[in-house]
Amino acid sequence: TKIAVFASGSGSNFQALQEAIERGELHATVELVVTDKPDAFVVTRAKKFGIPVLALNPKEFASKAAYEATIIEELRKYDVEWIVLAGYMRLISEVLLTAYPQHIVNIHPSLLPSFPGKDAIGQAMAHGVKVTGVTVHFVDAGMDTGPIIAQVAVPVIDGDREATEAAIHKEEHILYTKALRQLFES
Ligand code: GRF
């Protein structure tokens, strides 16, 4: 299964997926990493693995539609079948949704529909929930709203954001690999 990973930040989920692929735990190839932040650390990680990077600044395009159309052109060159969002901090528009129907997935660090959007871990801790978690879901036009594919619960470690965050990221890396394996096999 040929995939593209979209990321705007550190790229730890990208790296976890690539490592799972290399261990033979996920039958896929990351053909391309797409980023809207040319300075993001994910670019360094992708280069280390020898994976091509498409780094575009959305501000340099006349519209979001034009930006996504350029991405689609590149995805087609690599015969990409699935788009895997991993910390990609932008809503996906109808242009990409139409080009890849039911083939765009996202991972979010909460038990959706609780705490969508930015800083889900901070939101959960501020709310005082004792259990949060990770969700893998299909992407639609909304913010973290598409149909849920897989979830795992993670306890909040009281008053310790750093430890809670580490526990969530660890579970993300496991859950994304598992969920994608099941999707690609079915
Ligand atoms: C993850 O927590 C993911 O769930 C969220 O953004 C974060 C990305 O982390 N959507 P990384 O860039 O993969 O390290």
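Residues numbered from 1 in each chain as written. Predicted model: local features only at pLDDT ≥ 70, side-chain atom pairs only at ≥ 80, totals over all residues.

## Brief notes about the overall build of the protein
Part 1: Looking only at helices and strands, the protein features six helices and seven strands.
Part 2: Helices and strands appear in the protein in the N-to-C order β-α-β-α-β-α-β-α-β-α-β-β-α.
Part 3: Against the compact-globule benchmark of 16 Å for 186 residues, the protein has a radius of gyration of 16 Å, which places it among compact chains.
Part 4: By its C-alpha atoms, the protein is 45 × 40 × 30 Å across when sized along the principal axes.
Part 5: A burial count over the protein gives 35% of its 186 residues as buried. (Helix = DSSP H or I, 4+ residues; strand = E, 2+ residues; numbered from the N terminus. Rg over C-alpha atoms; globule rule 2.2 N^0.38 Å. Buried ≥ 20, exposed ≤ 12 C-beta atoms within 10 Å, placed from the backbone.)

## Re the UniProt feature "binding site: N(1)-(5-phospho-beta-D-ribosyl)glycinamide" (unreviewed entry) in the protein
Part 1: Per the UniProt record, the feature "binding site: N(1)-(5-phospho-beta-D-ribosyl)glycinamide" (unreviewed entry) sits at Gly11, Ser12 and Asn13.
Part 2: Here Gly11 lies in the loop between β1 (2-6) and α1 (12-22).
Part 3: A count of 23 C-beta atoms within 10 Å places Gly11 in the buried class.
Part 4: The residues touching Gly11, leaving out its near neighbours within four places in the chain, are Ala40, Phe41, Val42 and Arg45.
Part 5: Within the element layout of this structure, Ser12 appears in helix α1.
Part 6: Owing to 18 C-beta atoms within 10 Å, Ser12 belongs among the partly exposed residues under this scheme. (UniProt positions renumbered as here; feature names shortened; annotations may be inferred. Contact = placed C-beta atoms within 7 Å.)

## As for the site of the ligand
Part 1: Every residue lining the ligand is accounted for by Ala7, Gly9, Ser10, Gly11, Ser12, Asn13, Ala86, Gly87, Ile107, His108, Pro109 and Glu172.
Part 2: Elements represented by at least two residues in the shell around the ligand include exactly α1 and β5 (104-108). (Near = placed C-beta within 6 Å.)

## Here's the deal with the environment of Ser10
Part 1: Secondary-structure assignment places Ser10 in the loop between β1 and α1.
Part 2: Through-space distance from the C-alpha of Ser10 to that of Val43 is 8.6 Å; in sequence the pair is 33 residues apart.
Part 3: Not counting residues within four places of it along the chain, the set of residues in contact with Ser10 comprises Phe41, Val42 and Gly87.

## Quick look at the confidence of the model for the protein
Part 1: Residues of the protein with pLDDT of at least 70 account for 100%, and the chain-wide mean is 98.
Part 2: Across the assembled chains, the prediction reports ipTM 0.96 with pTM 0.97. (pLDDT = per-residue confidence, 0-100.)

## What about unusual backbone geometry?
Part 1: Following Leu112, the chain continues to Pro113 via a peptide bond in cis, the omega torsion being 10 degrees.
Part 2: Assignment of secondary structure puts Pro113 in the loop between β5 and α5 (120-127).
Part 3: One non-glycine residue, Asp119, adopts positive backbone phi at about 50 degrees.
Part 4: Position of Asp119 among the secondary structure elements: in the loop between β5 and α5.
Part 5: Take Asp119: there are 12 C-beta atoms within 10 Å of it, and that puts it in the exposed class.

## Structural notes on the sheet that holds β1
Part 1: An order of β3-β2-β1-β4-β5-β6-β7 is seen for the seven strands of this open sheet, with the pairing classed as mixed. In this open sheet, the two strands that pair with only one neighbour each are β3 (53-55) and β7 (148-155). Taking each pair of neighbouring strands and ignoring which way they run, the sheet shows an average axis angle of 20 degrees.
Part 2: Pairing of β1 with strand β2 (residues 29-35) involves five bridges; the strand directions are parallel. Along β2, the bridge assignment pairs Phe6 with Val34.
Part 3: The sheet strands contacting helix α3 (residues 64-77) are β1, β2 and β3, and the helix crosses β2 at an angle near 165 degrees. (Pairing = 2+ DSSP bridges. Axes fitted to C-alpha atoms, helices over the stretch in contact; angles between N-to-C directions.)

## Describing the packing of α1 against helix α6 (residues 161-185)
Part 1: The contact between α1 and α6 brings their axes to 9 Å, and the two run at 45 degrees. Judged on the interaxial angle alone, α6 and α1 are oblique. Read as a crossing pair, α1 and α6 show a hand that is right-handed. On α6, the residues touching Ser12, Asn13, Ala16, Leu17 and Ala20 of α1 are His169, Glu172, His173, Tyr176 and Thr177.
Part 2: Classifying every residue of the contact of α1 with α6 by side-chain character gives four nonpolar, five polar and one charged. (Parallel < 35°, antiparallel > 145°, perpendicular 65-115°, else oblique. Left-handed = near helix turned anticlockwise from the far one by under 90°. Nonpolar A, V, L, I, M, F, W, Y, C, P; charged D, E, K, R; others polar.)

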